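Here is how the chains run, residue by residue.
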Amino acid sequence: MTDKLLKAGKLLSDIKDRDVDVGATPKKLVMRRDKVELFRYEPLTEQKVRTPVLLAYGLIGRYTMADLQEDRSLVRSLLSQGLDLWLIDWGQPTRTERWLTIDDYVDDYIHAAVERVCRETGHDRITLLGICEGGVFTTCYAALHPDKVKGLVLTITPIDFHADRDDPDTHHGFLNLWTRSLDGADVDRLVDTYGGLPGEFMSSVFSLMTPMRSLTKYNIDLIDVIDDEARLMNFLRMEKWLADRPAHPGEAAKQWLKDLYQENRLVNGTFTLSGRKVDLRAISAPTLNVFALDDHIIPPTCSKALGALIGTKDYTEIPLPGGHVGLFVSSKSQGRLSKGIAEWLAARD
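Residues numbered from 1 in each chain as written. Predicted model: local features only at pLDDT ≥ 70, side-chain atom pairs only at ≥ 80, totals over all residues. Heavy atoms only, no water.

(A) Representation of the overall build of the chain within the structure. In terms of helices and strands, the chain carries 14 helices and 14 strands. Its C-alpha atoms put the chain at 65 × 50 × 40 Å along the principal axes. Taking all 349 residues of the chain together, the buried fraction comes to 55%. In the chain, the proportion of contacts linking residues at least 24 apart, taken out of those at least 6 apart, comes to 79%. Accessible area of the chain: about 15200 Å², with a carbon and sulfur share of 51%. Mean positive and mean negative side-chain charge positions of the chain (44 and 51 charges, respectively) differ by 3 Å. (Helix = DSSP H or I, 4+ residues; strand = E, 2+ residues; numbered from the N terminus. Buried < 20%, exposed > 50% of the residue type's maximum accessible area, 1.4 Å probe, protein only. Contact = heavy atoms within 4.5 Å. Areas by Shrake-Rupley, 256 points an atom, 1.4 Å probe, with all protein chains shown as cover. Lys, Arg positive; Asp, Glu negative; His and termini not counted. Charge placed at Lys NZ, Arg CZ, Asp CG, Glu CD.)

So, in structure tokens, the structure goes:
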């Protein structure tokens with residue numbers, strides 16, 4: 001054990017922040033709108049799918065989860081499958097973004113990004129790839145702007161925020177239960193005080209969802225890998241992503257927590273953006289819905305509900321083993337996730 005700790009001390013002393021490189025796949029900045037940036041990834045192989053794919057992550061967390069490290073990166077895997085991949089990065093919202101709504105993110109930022117991608121590539125429609133909250137945004141966009149969407153790919157995306165009530169796995173849906181238990185006035189006070197949902201606050205919520213894991217990862221898990229440089233770097237990359245949790249803009253947070261989680265408006269047909277009702281039956285693009293079977297944050301039932309609500313008949317589901325984050329960083333799901341998406345897109349290109 002002494003030798004292990006000595007080696008570990010040497011490794012840790014030599015590692016700098018810049019060495020823990022998350023989101024490192026090369027990309028080029030194409031457009032900036034306020035703090036939101038549009039990037040185009042550099043190709044890794046000959047393009048095999050002509051239609052551009054725009055990736056949108058959620059506001060709770062950073063897109064780097066999809067590009068954590070070279071051998072566990074959905075981004076690199078999709079590029080190696082010949083996709084023309086673009087990214088919309090929400091940046092680091094602060095109190096300045098206090099009044100931004102989901103309306104702004106869907107009808108302004110995503111729409112501007114789609115228009116720019118179309119202009120740069122000569123396409124009149126593109127594919128949207130949404131992850132978690134970003135999947136809700138892209139779903140809303142596909143319903144409100146069906147003429148701009150050729151394909152819709154969703155991963156770990158909640159649609160029916162109350163479907164966890166019918167989930168047979170009792171450890172699923174803690175976040176749903178907790179959010180529904182909040183008093184609306186308390187949500188307003190939190191947002192009004194901080195200008196949004198602080199990243200530290202959401203980090204504590206997610207930690208409480210897996211208390212034993214949170215208690216043991218810095219002793220048992222870390223001690224287990226601390227003298228193995230490759231495994232230690234994997235651990236540090238995940239911790240860097242977890243620590244990089246931006247604040248969620250205020251008014252958008254109110255919509256997310258109250259309109260969707262508490263009132264389930266996306267499913268009951270009362271969710272409106274920019275004065276227009278988001279009707280899931282208006283989605284005409286072929287849709288692929290990928291979810292994790294052991295997702296304790298977004299239970300599979302909440303994602304699968306889309307199948308009975310969507311307008312298109314070209315609807316496909318891919319259930320994969322793993323949890324919410326594991327779907328993207330687990331070695332077990334890496335090949336299956338990117339291959340499933342790429343093959344589905346190629347068949348409809």
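From this point, the narrative continues.
(B) Main features of the state of the cysteines. For the coordinates displayed, the defined rule picks out zero disulfides. No disulfide involves Cys 132; its nearest neighbouring cysteine sulfur is the one of Cys 302, lying 11 Å away. Its relative accessible area of 15% is what places Cys 132 among the buried residues. The exposure class of Cys 302 is buried, given its relative accessible area of 1%. (Disulfide = S-S within 2.5 Å.)

(C) Here's a closer look at helix H7 (residues 199-209). Here H7 has its buried residues at Gly 199, Met 202, Val 205, Phe 206 and Met 209. End-on, the buried residues of H7 take up no more than an arc of 120 degrees, which puts them together on one face. Every exposed residue of H7 that faces more than 90 degrees away from the buried side is listed here: Glu 200 and Leu 208. (Arc of directions from axis to C-beta.)

(D) Empty space enclosed by the protein, seen in detail. Counted under the stated rule, the structure contains three cavities of 30 Å³ or more. Approximately 70 Å³ is the volume found for the largest cavity. Secondary-structure elements contributing two or more residues to the lining of the largest cavity are strand E8 (149-155) and helix H14 (331-346). Residue composition of the lining of the largest cavity, by class: four nonpolar, three polar and three charged. Quantified by volume, the second largest cavity comes out at close to 50 Å³. Along the walls of the second largest cavity sit Tyr 57, Gly 58, Leu 59, Gly 61, Arg 62, Tyr 63, Ile 88, Asp 89, Trp 90 and Gly 91, which together make up its complete lining. For the lining of the second largest cavity, a count of residues per class yields five nonpolar, three polar and two charged. (1 Å grid on protein atoms, 1.4 Å probe; cavity = no way out; pocket = protein on both sides within 12 Å on 5 of 7 lines; lining within 4 Å. Points joined across faces, edges and corners; volume = space filled by probe spheres on them. Nonpolar A, V, L, I, M, F, W, Y, C, P; charged D, E, K, R; others polar.)

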